[in-house]
Amino acid sequence: ANGTMTLPAAYRYHARPTLNALAPNNGHAVGQTVVTVTGTGFLVDSPGTNAVLVGGVAATGIQVLSNTSILCNFPAGTPGTTVDVSLTNANGSATLPASFRYHTLPTLTSLSPTDGGATAQLRITLLGTGFLNDQAGTPTITFGGLTASSVSVVNDQTVRCNAPAGPAGQTVDVGLTNA
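Just so it is clear, the model here is predicted, and its values are computed rather than measured.

Mapped onto the fold, Asp115 is located in the loop between strand S10 (107-112) and strand S11 (123-129). In this structure, the C-alpha to C-alpha distance between Asp115 and Gly31, residues 84 residues apart in sequence, is 35 Å.

With the rule as written, the count across this model stands at three aromatic pairs. Aromatic pair Tyr11 and Tyr13: ring centres 4.9 Å apart, planes at 80°, arrangement edge-to-face. In terms of burial, Tyr11 and Tyr13 fall into one category: exposed. Here Phe74 and Phe100 contribute two aromatic rings whose centre-to-centre distance is 4.9 Å and whose plane-to-plane angle is 65°, an arrangement assigned as edge-to-face. Highlighted residues: Phe74 in strand S7 (residues 69-74) and Phe100 in strand S9 (residues 92-102), separated in sequence by 26 residues. The same class applies to Phe74 as to Phe100, namely buried.

Within the secondary structure, Asn50 sits in the loop between strand S3 (33-40) and strand S4 (51-54). Of the residues examined, Asn50 reaches a relative accessible area of 6% and is grouped as buried. One polar contact links the side chain of Asn50 to the main-chain carbonyl oxygen of Phe42, over a distance of 2.8 Å. Within polar-contact distance, the side chain of Asn50 engages the side chain of Asn89 at 2.9 Å. Non-local contacts of Asn50, meaning those with residues more than four positions away in its chain, are made with Gly41, Phe42, Ile62, Val64, Ile70, Leu87, Thr88 and Asn89.

Moving on, we come to the sheet that holds strand S16 (residues 174-177). Pairing in this open sheet of three strands is antiparallel, and the strands run S13-S12-S16 from one edge to the other. Each of the sheet's edge strands pairs with one partner strand only, and the pair in question is strand S13 (146-147) and S16. Across two bridges, the pairing between strand S12 (residues 140-143) and S13 is antiparallel. Bridging from a neighbouring strand, Thr142 pairs with Thr147 of S13.

Turning to the environment of Ala165, a few remarks are in order. Here Ala165 lies in the loop between strand S15 (158-162) and S16. For Ala165, the residues in contact, after removing those within four places along its chain, are Ala118, Thr119, Gln121 and Leu146.

Calculation criteria
- Counting restarts for each chain: residues are numbered from 1 in the order of the written sequence.
- Totals for whole chains, interfaces and linings use all residues, but because this is a predicted model, local features are given only for residues with pLDDT of at least 70 and pairs of side-chain atoms are given and counted only at 80 or more.
- Hydrogens and waters are ignored; side-chain quantities use all the structure's heavy atoms.
- Helix and strand labels come from DSSP, where a helix needs a run of H or I of at least four residues and a strand needs a run of E of at least two; each type is numbered from the N terminus.
- Any pair of Phe, Tyr and Trp rings, taking the six-membered ring for Trp, is counted once the centres come within 6.5 Å. Such a pair is stacked with planes under 30 degrees apart, edge-to-face with planes over 60 apart, and tilted for the rest.
- Buried residues are those whose accessible area, probed at 1.4 Å on protein chains only, stays under 20% of the maximum for their type, while exposed residues exceed 50% and partly exposed ones sit between those limits.
- By the criterion applied in these results, polar contacts are pairs of N or O atoms within 3.5 Å in which, for protein atoms, one can donate a hydrogen and the other can accept it, and in which residues neighboring in sequence qualify only through two side-chain atoms.
- It only takes one pair of heavy atoms within 4.5 Å for two residues to be counted as in contact.
- If DSSP finds at least two bridges between two strands, the strands pair.

Given below as structure tokens:
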């Protein structure tokens, strides 16, 4: 009844953060993966501290590069799973559902031939999984701790190598390690 008064620009609504993409969007299950998170609202508009969760586990080493980019270390996770990534700061939270996939571990199921001369470096074919996909790289293959040579990845299920010369009369373990 007495009139109206307006206080100009007296209240400000903060923009909620957004998440757009991850680079890379997949990583190691047994170690940390350095990931760039892109979106908005990471630096401008008084967001405070940005917290990033990967499948519910906190990322570490968070560096805000700009209002649209964060660099951080994603934690190890369960091989073969795809998880949500979320970011929370003083202005709100955002989630990228099912956006980061953990690499599966390699497996060895068989090799052929299964024996050879102690001094002959036979060409061996190993079968399993995880030899090519997920940026696996060229594996290191060992026979009783001795490194094989001429390793070549044929596909995700097949790799070939030359078995090293080894101790006569012994059966040894065969190991495969990749990224």
